[in-house]
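# Architecture and fold: a report
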Amino acid sequence: MASLSKQPYVTQVVDVDHSQLDTITPDDGWTPLDNVDVLEMGLGWDRSTGGSGGAMGWLNRKAGSDLDGVATFYAGNKPVKYLGWDELDTFADEGQAAGSATHTGDNQTGEGAGDDETLRLTFGNLPMRITDIVLNAAAFKRGSDMKRAKSIRVTLYDSTGGTKTPVAWVEPSLYKPKNTIAVAHIRRKRDADNKVIKGEGAGWELQVIDRSIDVAQGNRDDFLLKSASLIGITVQAG
């Protein structure tokens, strides 16, 4: 796992008018990422009273909530790496793959305009063994709570060529929010037999999941098992 001393990357701040941006859903199916070399996922939220009034509402708003943007990387059905929490450069120790999966760092309150946490994937530099990536938004740490956040939004950007362009977004439901949202599943393209395509026709594709589940906060194993189940992966332990 990464050292806490690794520095977060700094991403361009983009003013996004979400009212003019497409909302993508699981019904849209798999979207080829043929012309996308760099993809960013921004997670933004604002402090909320959580529906409470008086002193409790004031305390909830003051504390905010510590949400996390997290990516999990799979080699087949085995989770092998993650991005987020204490990991800011997932493949930093793997030569040319260094910098292919980076994170802006942990925002613990939701304070500030725009995206509060952003992760970036550079597809061409990811290790060949990585076949699947799951993007999550989670209230993972003990004491964090989706209900103390409002205006939760997940924005996807095409940052190919150094220009950060918002392309779509996911807006989670406010109703009885669970603590972990599986946002999207990114995978290497598959053939008719569900085998990874190599050579001509190879590349990546994305499908929105937008489903949520409660995991035991602070328990990484429970997070991995349950988030994988939302995309039909049965986790291999080793």
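In this text, all values refer to a predicted model and were calculated from it rather than measured experimentally. (Residues numbered from 1 in each chain as written. Predicted model: local features only at pLDDT ≥ 70, side-chain atom pairs only at ≥ 80, totals over all residues. Heavy atoms only, no water.)

Before going further, it helps to examine the overall build of the protein chain. On a plain count of helices and strands, the protein chain comes out with 2 helices and 11 strands. Secondary structure elements in the protein chain, listed N-terminal to C-terminal, are β-β-α-β-β-β-β-β-β-β-β-β-α. Here the protein chain holds 238 residues, and 49% of them are scored as buried. Summarising the internal contacts of the protein chain: among those between residues at least 6 apart in sequence, 71% fall at separations of at least 24. (Helix = DSSP H or I, 4+ residues; strand = E, 2+ residues; numbered from the N terminus. Buried < 20%, exposed > 50% of the residue type's maximum accessible area, 1.4 Å probe, protein only. Contact = heavy atoms within 4.5 Å.)

On to the pairing of strand β4 (residues 78-83), then. Relative to β4, strand β3 (residues 68-75) is paired through 5 bridges, and the arrangement is antiparallel. Counterpart to F73 in the pairing with β4 is K81. Hairpin remark: β3 followed by β4, antiparallel, with 2 residues in the connecting loop; positive phi at G76, about 70°. (Pairing = 2+ DSSP bridges.)

Moving on, we get to helix α2 (residues 220-229). D222, F223, L224, S227 and A228 are the residues of α2 that are buried. In this structure, the buried residues of α2 make contact with β3, β4, β7 (132-138) and β10 (180-188). The N-cap residue of α2 is N219: its side-chain oxygen and the backbone nitrogen of D221 are 3.1 Å apart. (Polar contact = N/O pair within 3.5 Å; in protein donor to acceptor, adjacent residues only side chain to side chain.)

These figures come from the coordinates and say nothing about function on their own.
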